[in-house]
Amino acid sequence: MTSFFSGNLIHTITYARPATTVNAAGDPSTVAAQVPNVPARVEGKRELVRGPDGTEVVTEHKIMTETEIKMGDRIWVPHLGDDVSKVGDARHPVSISSSERLKGGGTRLYVVFL
């Protein structure tokens, strides 16, 4: 089933969400499995947004996706030249907002500022 937004999500991103697990020795360990080929729309647009601590930050890119992205996630944007095999190429969200679910459907649009 296609959503209201799907025809406009012409790019893909890869994201990783860090998670803490316990290794065999019982020590905490942080892992982050990548989720590739997430449909998105990426726009290069400078915007002044408010970060989670309330400070204003100028961002360079805006990503729109139906996949929930959280603060702390790492994002790679292949069409901007990011290499998903390089952790250093990952971008970090500065601010995230989401739309309300559309009437009669479960679709929500997440807007991520990088």
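Provided above is the structure to which this section pertains.
Since the structure is predicted, the reported quantities are computational estimates derived from the model, not experimental observations. Here the residue index of a chain counts from 1 through its sequence in written order. Side-chain atom pairs in this predicted model are given and counted only at pLDDT of 80 or more, local residue features only at pLDDT of at least 70, and totals for whole chains, interfaces and linings cover all residues. Heavy atoms from the whole structure form the basis of all side-chain values; hydrogens and water molecules are not counted.

Asker: What am I meant to see in the side chain of Asp82 here?
Answerer: Helix and strand assignments come from DSSP, with helices taken as H or I runs of at least 4 residues and strands as E runs of at least 2, each series counted from the N terminus. Inspection of the secondary structure assignment puts Asp82 in the loop between strand S6 (74–76) and strand S7 (95–98). Using a relative accessible area of 11% as the deciding quantity, one classes Asp82 as buried. A polar side-chain atom of Asp82 sits 2.7 Å from the main-chain amide nitrogen of Val77. In protein, a polar contact requires one atom able to donate a hydrogen and another able to accept it; more generally it is a pair of N or O atoms within 3.5 Å, and residues adjacent in sequence count only if both atoms are side-chain atoms. Separated by 2.7 Å, the side chains of Asp82 and Arg91 make a polar contact. Setting aside its immediate chain neighbours within four residues, Asp82 contacts Ile75, Trp76, Val77, Asp89 and Arg91. For each residue, the accessible area found with a 1.4 Å probe, counting protein chains only, is set against the maximum for its type, and the residue is called buried under 20%, exposed over 50%, and partly exposed in between. Contacts are residue-level and defined by heavy atoms, with any inter-residue pair within 4.5 Å sufficient.

Asker: Which parts of the structure should I look at to understand unusual backbone geometry?
Answerer: Trans is the common state for peptide bonds, and a negative phi is the common state for residues other than glycine. Notably, Asn37 is not glycine yet its phi reads approximately 55 degrees, a positive angle. The residue Asn37 is located in strand S4 (residues 34–50) in this model. Judged by its relative accessible area of 57%, Asn37 falls in the exposed class.

Asker: Which parts of the structure should I look at to understand the sheet that holds strand S8 (residues 110–113)?
Answerer: Neighbouring strands of a sheet are bound in pairs by backbone hydrogen bonds; such pairs are parallel or else antiparallel. For two strands to pair, DSSP has to find at least two bridges joining them. As summarised here, the arrangement of the 6 strands in space is S6-S1-S4-S5-S8-S7, forming an open sheet in which the pairing is antiparallel. Looking at which strands have only one partner, the edges of the open sheet turn out to be S6 and S7. Across the sheet, the axes of successive neighbouring strands diverge by a mean angle of 40 degrees, strand direction being ignored. One ladder, built from 4 bridges, connects S7 with S8; its direction is antiparallel. From the neighbouring strand, Ser97 faces S8, where its bridge partner is Val111. Between N-to-C directions, angles cover 0 to 180 degrees, with each direction set by a line fitted to C-alpha atoms, over the stretch in contact for helices.

Asker: Teacher, can you tell me more about the nonpolar core here?
Answerer: Buried together is how nonpolar side chains tend to be arranged in soluble globular proteins. In this text, buried Ala, Val, Leu, Ile, Met, Phe, Trp, Tyr and Cys residues form a nonpolar core when linked through side-chain atoms within 4.5 Å. Judged by nonpolar contacts, Ile13, Tyr15, Val38, Ala40, Val42, Ile63, Ile69, Ile75, Val77, Val112 and Leu114 together constitute the single largest core of 11 residues. Elements represented by at least two residues in this core include exactly strand S1 (11–16) and S4. Among the elements that make up this core, the one with the highest residue count is S4 (3 residues). Beyond its immediate chain neighbours, meaning those up to four positions away, Ile63 contacts Ile13, Ala40, Arg41, Val42, Ile75, Val77, Tyr110, Val111, Val112 and Leu114. Judged by nonpolar contacts, the second largest core, of 5 residues, contains Met64, Leu109, Val111 and Phe113.

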